[in-house]
Each structure stands twice: as C-alpha cells, then as structure tokens.
Amino acid sequence: MDFRRWFYFHQHNTSSLNFLLLVTVLMRAISLTTPLRLVMLDVPSPTVVGQEVELTCSFDLNGDTLYSVKWYKDDVEFYRFVPNDWPPGQFLPLGGVRVDLSKSKEQSVYIRNVALETAGVYKCEVSTEAPVFDTVSAKKSMKVYVLPTEGPKITGRHMKYRIGDTATVKCTSAKSKPAATLRWYINEKPVGPEYETVYSTILHDDGLEVSCLSLRFLIRHDHFTNGNMRLKCEASIPRVRYTMSDETLVFSELQHVSGLHISRKSE
C-alpha cells in the first residue's frame, strides 16, 4: 500500500481526533528532517557614523522553497524579502535605519548613512514554504562609533622650565563615541601611569564623550635634548584604527627661547 492509499484509508477509518493526532505526528516527522540551516550571520561592529554597511544572512535551504527572510532591529521588523511578493524586497520605516533597496537581496541588506540610532541588536529570520513552514533565526549586536573631527589639545604648559620644576599639563580629546583613549609621551617615550591622572569622562547632550588626562612630573636634566623637551598627547579609538596627537615643544630656561612650536598630526 503506498502512502496516499494508506493516508486515505486512515482518514476514513479513524475518528476525527485520531486523524488530527496522526497528521500532527506526520508533520512533526517531516519537520525533523527539514534541512533548513542558517549558515552565517554577519553584522559589522563597530561601524562608523556616515558609513554604509552590509548585513549578511547566509542560509542553506537544501531543496526547500524559501518563503521569506525578515530582518529586525531590537525586535522591530524593518526589511523583508518575500520571493512571491512584488517587489520581493520591502522596507518597513524604522528610525535610525535607512535601507538601500537597490542593493538589498534575499541574503543581504544594505544600510546607508549609519547614525548613532542605528546601533542595536539585529536579527535575521528565515522561513520556508509549506508544508513544513520551518524557521531559523540568529541575532548579533551592532555598535556605532563617532570619530573625533580633530586631534586632542594640550593645555597648561609653560614656554620654559628649570631643572627641578614640576610640570603639570592637561590633554583633552575632541568629542567622540566612545571617548578616546589618551596617552602621554615625553620625547617620544611613553609616560608611566604613576605620572598621569585620569578624569571622569564628560558626556554631552548629543551623546558624544570627551576624555581628559593630566601629566605631572618633576623635570630632570635628562628630559632636555639640546635645551628642549617634546611633550605629546596621543588620542586613539581601538578597533577602528583612529590615532591623532598634539605635540608641544618646551625649552630649558637656560636656553634662549626663539618661539614655541605646536604641531598636530594624524597617524
């Protein structure tokens, strides 16, 4: 007896309740053999304000028919790809998410002009057609960074110092998110933390942050080379390869001061 005859026989020779139980068991058995698999979810993080990012959701249907791919940010749907709809790719307006429909397909969605509000938890959900209606999903977080528009600034230095003086200078970063990590150098040599004082991060109304780091040390003869000493404060943001610095040249009081040289450079 083939499956269709067996199914017909049981449909007409069992009670309605038993038949429903039988159908449930059969559907469960089919679902257990469904090969739908989510291979990889890629959500770039961190990303930088103003950039375009591609979110990728790779899946393997293994013979099943795709019903839909849906994307969510913080559990709110913003994009879906349904092959049987027209157009297949559809954007559902959501604050902070600007989808480029011309590039987005069934396994990827492009978000243009990233903003701070774009940060969040993204979920890809893939579903197959009848009779199985299987669904798989995965989540990943996206962080959004704002890079400083300028380098850090050194304040509080004098034009000249004498041996035995105590120098106290302060470095302040430009606004960013997260706050930049600051580090002091004397004549290109890193300064030990025992000479530094870290201040609390300053949070601005626009969500951006500023960091401050002071340097206090006793001036020795070996700090000067040819009568001058170079102080540098370096600001960096990890994971995005951002580094900028501010440098100032100070002089020994015993040497004639012809001027002060300040430079800012991006590395």
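Refer to the structure printed above.
First, a word on scope: everything that follows refers to the structure included in this document. (Residues numbered from 1 in each chain as written. Predicted model: local features only at pLDDT ≥ 70, side-chain atom pairs only at ≥ 80, totals over all residues. Heavy atoms only, no water.)

Concerning the sheet that holds strand E13 (residues 166-172)
For the record, the criterion: Paired strands, in this sense, are two strands between which DSSP finds at least two bridges. Counting from the N terminus, the helices are the DSSP runs of H or I reaching at least four residues and the strands are the DSSP runs of E reaching at least two. Every axis corresponds to a line fitted to the C-alpha atoms, with the helix fit spanning only the stretch in contact, and the corresponding angles, defined between N-to-C directions, vary from 0 to 180 degrees.
Read from one edge of the open sheet, four strands run E11-E13-E19-E16, paired in antiparallel fashion. Of all strands in the sheet, those with a lone pairing partner are strand E11 (153-155) and strand E16 (196-198), marking the two edges. When strand polarity is set aside, the average angle formed by the axes of neighbouring strands in this sheet is 25°.

Regarding the layout of surface pockets
Put simply, the rule reads: Space inside and on the surface of the protein is sampled on a 1 Å grid over the protein atoms alone, with a cavity defined as a set of points where a 1.4 Å probe fits but cannot get out and a pocket as an open set with protein on both sides within 12 Å along at least 5 of 7 lines; lining residues have an atom within 4 Å of a point. Grid points are joined across faces, edges and corners, and a volume is the space filled by probe spheres set on the points. Gly is placed with the polar residues, together with every amino acid not listed as nonpolar (Ala, Val, Leu, Ile, Met, Phe, Trp, Tyr, Cys and Pro) or charged (Asp, Glu, Lys and Arg).
For the largest pocket, the calculated volume is near 250 Å³. Around the largest pocket, the lining residues are Ile186, Asn187, Lys189, Pro190, Val191, Gly192, Tyr195, Phe217, Arg220, Asp222 and His223. In the lining of the largest pocket, the residues fall into five nonpolar, three polar and three charged.

Observations concerning the environment of Glu247
The condition that has to hold: To sort residues, take the accessible area from a 1.4 Å probe on protein chains only and compare it with the maximum for the residue type: under 20% means buried, over 50% means exposed, and anything in between is partly exposed. Distance and chemistry together define a polar contact, namely a pair of N or O atoms within 3.5 Å, with one atom able to donate a hydrogen and the other to accept it when in protein, and with adjacent residues in sequence counting only for side-chain atoms on both sides.
Relative to the helices and strands, Glu247 resides in strand E21 (residues 242-252). The exposure class assigned to Glu247 is buried, which follows from its relative accessible area of 6%. Here the side chain of Glu247 touches Arg230 through a polar contact of 3.1 Å, side chain to side chain.

Topic: the packing of aromatic side chains
Selection criterion: Geometry of aromatic contacts follows a simple scheme: Phe, Tyr and Trp rings, the Trp one being its six-membered ring, pair when their centres are within 6.5 Å, and the pair is stacked under 30 degrees between planes, edge-to-face over 60, tilted otherwise. Our definition puts a charge over a ring when NZ of Lys or CZ of Arg is within 6 Å of the ring centre and also within 35 degrees of the ring normal.
Tallied over the full model, the rule gives one aromatic pair. A centroid spacing of 5.8 Å and a plane angle of 85° characterise the contact between Phe78 and Tyr122, whose relative ring orientation is edge-to-face. Residue Phe78 is found in strand E5 (residues 76-81), and its partner Tyr122 is found in strand E8 (residues 120-128); the two are separated by 44 residues along the sequence. A relative accessible area of 0% places Tyr122 in the buried class. When the ring centre of Tyr199 is taken as origin, the NZ or CZ atom of Lys170, which lies over that ring, is 4.7 Å away. The ring of Tyr185 is capped by Lys232, whose NZ or CZ atom sits 4.9 Å from the centre of that ring.

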